[in-house]
Amino acid sequence: MPVIKDAVCSLCGSLCDDITVTVEDNKITKIENACILGHSKFVGMFEHDRIENPMIRKDGELVPVPYEEAIEAAAKILVNSRRTLSYGWCSTSCEAIAKAIQLAEETGSLIDSTANVCHGPSALAAQEKGSPGASLGVIKNRADLIVFWGCNPVHAHPRHMSRYSSFSKGFFSTKGRKGRKMVVIDVRKTDTAKLADKYVEIEQGSDLLLITALRSAVNGHEDVIPETVAGISKEEILELAENLKNAQFSCIFFGMGVTQSRSKYKNGDGVSSLISDLNQHTKSVMIGMRGHYNVTGFGQVATWETGFPMAIDFARGFPYYNPGETGANDVLVREEADAAIISAADPGAHFPQKAVRHLAKIPVIQIDPYANPTTEIADVVIPAAVVGIEAEGTAYRMDAIPLRMKKLIDTEFKTDEQIAKDLIAKVRELKEGA
Amino acid sequence: MKLKANLISGRTADQGAHLEAKTYRGYFDACAYCELNSADLDKLGVSEGDSLKVTTDFGEVVVFAKANDGNPDGLAFIPMGPWANTVLDPDTHGCGMPGLKGVPAEIEATEEKPLDMKSLMKQYRED
């Protein structure tokens, strides 16, 4: 009975690489070390409903068709479209992402990742001000102050705190949680906030105000800070600034509270500036809490292939990038896209209603192992293997460290990479050449 | 009575555990609710499990009521998913990211029941 150690969990951006799985008769029968999210991912192989067959919508219903027919129907949609949106490609391997980018280039499509509703603004912030970072290993071994700002790892990254941050013991941080101060800045007392030494309750949407006040304090201009900022007293702000300045090594982990709230990318820009100010006094870094396990990988592959991390438009025949214009939500809300190919992501569940309404009107090709809200509005559905379980491949952890995901069991399903290759071949055939 | 609230959405462990089982009842249970603190639920005269109608400039949705005393007064939380997204702000303000947090909302008790995932999505196809 094969026991596979150090399997990589392909669920969230923590990409835990210490999962032990037992495989019997090509089924995973035991999972050790995984959190609730990871456990669900591994047991999902046998408990959740897979998309068993390729399907095409006929008279309003999805009906099973042979694989070749689905590929041909999908390729025809791509070839006949004048403004295709290719979206997602984040719960899959870098190898599949590279092929998806090639397909987008050959079809003159616009390709965007799930960062569009996640850490897209952080990528913009990094371009404005940089993103002083470190590997999670450095945090584990050195950080004595951990700040979680607008994120809730107890729910979204359940093993983050025990493996890499608050609770972990490292080379220079042998006391673990006792040797680290943990601060949570959030709009409500989350389960993460309940574990903090200090919980700072900020008025929703006021992040930039607090960042600016903290910067003033760190830079010795406390006289300009009003008595309360963002619902927080000046005294509390000065104390937090002192904590940040006096830490040996601090990391601000930030999440959707920072990227999705008012000021959006300017918040990340502000955090980066605050880190820069702190580095005049001590050592400080920032890391975005990434959601999909390989959304960081999309940014990496897209950047080395096209020069841009997301929202890349090939309509002009060369890569063009301007989020706000070429973001997935933007082209849907403007009702500009006339077809969409969606893989390893679920805009049906995660895009605002106006974008979903437009998606429902245009031909949608979905590539995914499991049915989800996007399936309900899809016109061609192609089932895929689950990467990290049924297929190997590379993924980038939230700190941009690449890890090799193992194949644990065999499958008949094709990988996202193979499906993208088949689509490229069929598109070339229909266009009579590359 | 209508409660004026500031609506945010976000991840929960239950929502995350159903990421690849969204056709299941468990996903509906994990996402089709709105959290307010107990005092706000009292103001609306509802208990946990009753239905709430959440209305914004962008739409309306019926979800179950849930108490979370970690929420300050007037802060409403719906887990990320198709129910939350029915009422969130599609405008990206030129940076690609829609307004998924900080949307002014009005919340009231209702006798209607939340739609299941397929019925909710069917509305988009039929619109």
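Computed from a predicted model, the values in this text were never measured in an experiment.

1. Things to note about the interface of chain A and chain B
Each side of the interface is counted separately: chain A has 53 residues, and chain B has 51 residues. In total, about 4,300 Å² of surface goes out of reach between chain A and chain B, with carbon and sulfur atoms giving 59% of it. The largest share of the area that chain A buries against chain B comes from Arg188, Gln353 and Glu376 of chain A, three residues that together contribute 17% of it. The interface formed by chain A and chain B includes four salt bridges. For Lys118 of chain B, the salt bridge identified is with Glu376 of chain A, shortest N-O distance 3.9 Å. In this structure, the connection of chain A to chain B is made through 20 residue pairs in polar contact (both at pLDDT 80 or more).

2. Some remarks on the sheet that holds strand 18 (residues 364-368) of chain A
Residues and elements named next belong to chain A. Taken together, the nine strands give an open sheet; going across it, the order is 5-4-19-18-17-6-7-15-16, and neighbouring strands pair in mixed fashion. The sheet terminates laterally at strand 5 (61-64) and strand 16 (320-321), the two strands that pair on one side only. Strand direction decides the pairing type here: strand 17 (residues 339-343) and strand 18, joined by four bridges, are parallel. Note that in strand 18 the partner of Ala340 across the bridge is Val364. Sheet strands touched by helix 2 (residues 67-80): strand 4 (55-58), strand 6 (84-88), strand 17, strand 18 and strand 19 (380-383). Its angle to strand 19, the strand with the most contacts, is close to 130°. The strands touched by helix 17 (residues 416-430) are strand 17, strand 18 and strand 19; relative to strand 18, the strand with the most contacts, the crossing angle is about 145°.

3. So, the pattern of salt bridges
All names here are of chain A. As enumerated under the stated definition, the model contains 39 salt bridges over all chains in all. A salt bridge links Glu392 to Arg404; the nearest nitrogen and oxygen atoms lie 3.4 Å apart. With Glu392 in the loop between strand 19 and strand 20 (393-396) and Arg404 in strand 21 (residues 402-405), this pair connects stretches of sequence that are twelve residues apart. Each of Arg83, Asp313, Arg316, Arg334 and Glu336 takes part in one network of salt bridges that share partners.

4. Overview of helix 17 of chain A
Residues and elements named next belong to chain A. Here helix 17 spans 21 Å end to end across 15 residues, near enough to the 21 Å set by a 1.5 Å rise per residue. Asp416, Ile419, Ala420, Leu423, Ile424, Lys426 and Val427 are the residues of helix 17 that are buried. Where helix 17 is buried, its residues touch helix 2, helix 3 (94-106), strand 17, strand 18 and strand 19. Looking one or two residues past helix 17, Glu432 carries a phi angle of roughly 55°, positive in sign.

5. Some words on the nonpolar core
Judged by nonpolar contacts, the single largest core of 101 residues is most densely connected at Ile382 of chain A together with Val54 and Trp83 of chain B. Among the elements that take part in this core, helix 2 of chain A stands out by supplying seven residues, more than any other. For Trp83 of chain B, the contacting residues outside a window of four places in its chain are Tyr27, Phe28, Cys31, Ala32, Val61, Val62, Val63, Leu115, Asp116, Met117 and Leu120 of chain B.

6. Details of the pairing of strand 14 (residues 283-288) of chain A
Residue and element names in this part refer to chain A. For strand 14, a buried count of five out of six residues is recorded, marking the element as mostly surrounded by other parts of the structure. The pairing of strand 13 (residues 249-254) with strand 14 spans six bridges and is parallel. Its bridge partner being in strand 14, Ile252 is matched across the sheet by Met286.

7. Looking at the packing of aromatic side chains
The geometry of an aromatic ring pair comes down to the distance between the two centres and the angle between the two planes. One pass over the full model with this rule turns up eight aromatic pairs over all chains. Residues Phe308 of chain A and Tyr321 of chain A carry aromatic rings whose centres are separated by 4.8 Å and whose planes lie at 10° to one another, so their mutual orientation is stacked. A residue pair is termed long-range when its members are at least 10 positions apart, and Phe308 of chain A in the loop between helix 12 (295-306) and strand 15 (312-313) and Tyr321 of chain A in strand 16 qualify at 13 residues. Here the aromatic residues Tyr27, Phe28, Phe64 and Trp83 of chain B are joined through ring pairs into a cluster of three or more. Positioned above the aromatic ring of Phe77 of chain B is the side chain of Arg188 of chain A, whose terminal nitrogen or guanidinium carbon lies 3.8 Å from the ring centre. Between Lys414 of chain A and the ring centre of Tyr67 of chain A, over which it is positioned, the NZ or CZ distance is 4.9 Å.

8. As for helix 1 (residues 36-47) of chain A
Within helix 1 of chain A, burial applies to Leu37, Gly38, Ser40, Lys41, Phe42, Val43, Gly44 and Met45 of chain A. In this structure, the buried side of helix 1 of chain A is in contact with strand 2 (19-24), strand 3 (27-32) and helix 6 (153-156) of chain A together with helix 1 (13-17) of chain B.

9. A closer look at the layout of surface pockets
Residues and elements named next belong to chain A. For the largest pocket, the calculated volume is near 620 Å³. Lining the largest pocket are 26 residues, and of these Ala126, Ser131, Arg290, Thr296 and Gln300 sit closest to its centre. Elements represented by at least two residues in the lining of the largest pocket include exactly helix 4 (120-129), strand 14 and helix 12. Counted by class, the lining of the largest pocket contains 13 nonpolar, eleven polar and two charged residues.

10. Describing the sheet that holds strand 10 (residues 198-201) of chain A
Residues and elements named next belong to chain A. Taken in spatial order, the five strands make up an open sheet running 10-9-8-13-14, and their pairing is parallel. The open sheet is flanked by strand 10 and strand 14, the only strands paired with a single partner. Averaged over all neighbouring strand pairs, the angle between strand axes comes to 15°, with direction disregarded.

11. Examining unusual backbone geometry
Here Ala344 of chain A, not a glycine, exhibits a phi torsion of approximately 55°, which is positive. When you line up the elements, Ala344 of chain A lands in the loop between strand 17 and helix 14 (347-350). Backbone geometry places His93 of chain B, a non-glycine residue, at a positive phi of 50°. Looking at the secondary structure, you find His93 of chain B in the loop between helix 4 (82-85) and strand 6 (101-110). Classification of His93 of chain B by relative accessible area gives exposed; the value is 57%.

Parameters at a glance
- The numbers attached to residues start from 1 for each chain and follow its sequence in the written order.
- Whichever chain is written first becomes A and whichever ligand is written first becomes 1, with later ones labelled in order.
- Note on the predicted model: pLDDT of at least 70 is required for a residue's local features to be given, and 80 or more for side-chain atom pairs to be given and counted; whole-chain, interface and lining totals, by contrast, use all residues.
- Based on all heavy atoms of the structure, the side-chain values leave hydrogens and waters out of the count.
- When checking whether two residues touch, look at their non-hydrogen atoms; a contact exists if any pair is within 4.5 Å.
- Note on definitions: buried area is the accessible-area loss of two parts on being combined, 1.4 Å probe, summed for both.
- The salt bridge criterion pairs a side-chain nitrogen of Lys or Arg with a carboxyl oxygen of Asp or Glu, the two atoms within 4 Å.
- In the analysis that follows, any N or O atom pair within 3.5 Å is treated as a polar contact, provided that within protein one partner can donate a hydrogen and the other can accept it, and provided that, for residues neighboring in sequence, both atoms belong to side chains.
- Strand pairing follows a simple DSSP-based rule, namely that at least 2 bridges must link the two strands.
- Counting from the N terminus, the helices are DSSP H or I runs at least four residues long and the strands are E runs at least two residues long.
- Angular values range over 0 to 180 degrees, each being the angle between N-to-C directions of two axes fitted as lines to C-alpha atoms, with helices fitted over their stretch in contact.
- Multiplying one less than the number of residues by 1.5 Å gives the expected span of a helix.
- Relative accessible area decides the class of each residue, using a 1.4 Å probe on protein chains only: under 20% of the type maximum gives buried, over 50% gives exposed, and in between gives partly exposed.
- The nonpolar core is taken to be a set of buried Ala, Val, Leu, Ile, Met, Phe, Trp, Tyr and Cys residues, with the residues joined through side-chain atoms within 4.5 Å.
- Aromatic contacts are taken between Phe, Tyr and Trp rings whose centres are within 6.5 Å, Trp giving its six-membered ring; a plane angle under 30 degrees counts as stacked, one over 60 as edge-to-face, and the others as tilted.
- Any Lys NZ or Arg CZ that is within 6 Å of a ring centre and within 35 degrees of that ring's normal is treated as a charge sitting over the ring.
- Cavity means a closed set of points on a 1 Å grid over the protein atoms alone, one where a 1.4 Å probe fits but cannot get out, pocket means an open set with protein on both sides within 12 Å along at least 5 of 7 lines, and lining means a residue has an atom within 4 Å of a point.
- Grid points are joined across faces, edges and corners, and a volume is the space filled by probe spheres set on the points.
- Residue polarity is assigned by list, with Asp, Glu, Lys and Arg as charged and Ala, Val, Leu, Ile, Met, Phe, Trp, Tyr, Cys and Pro as nonpolar; anything else, Gly included, falls into the polar class.

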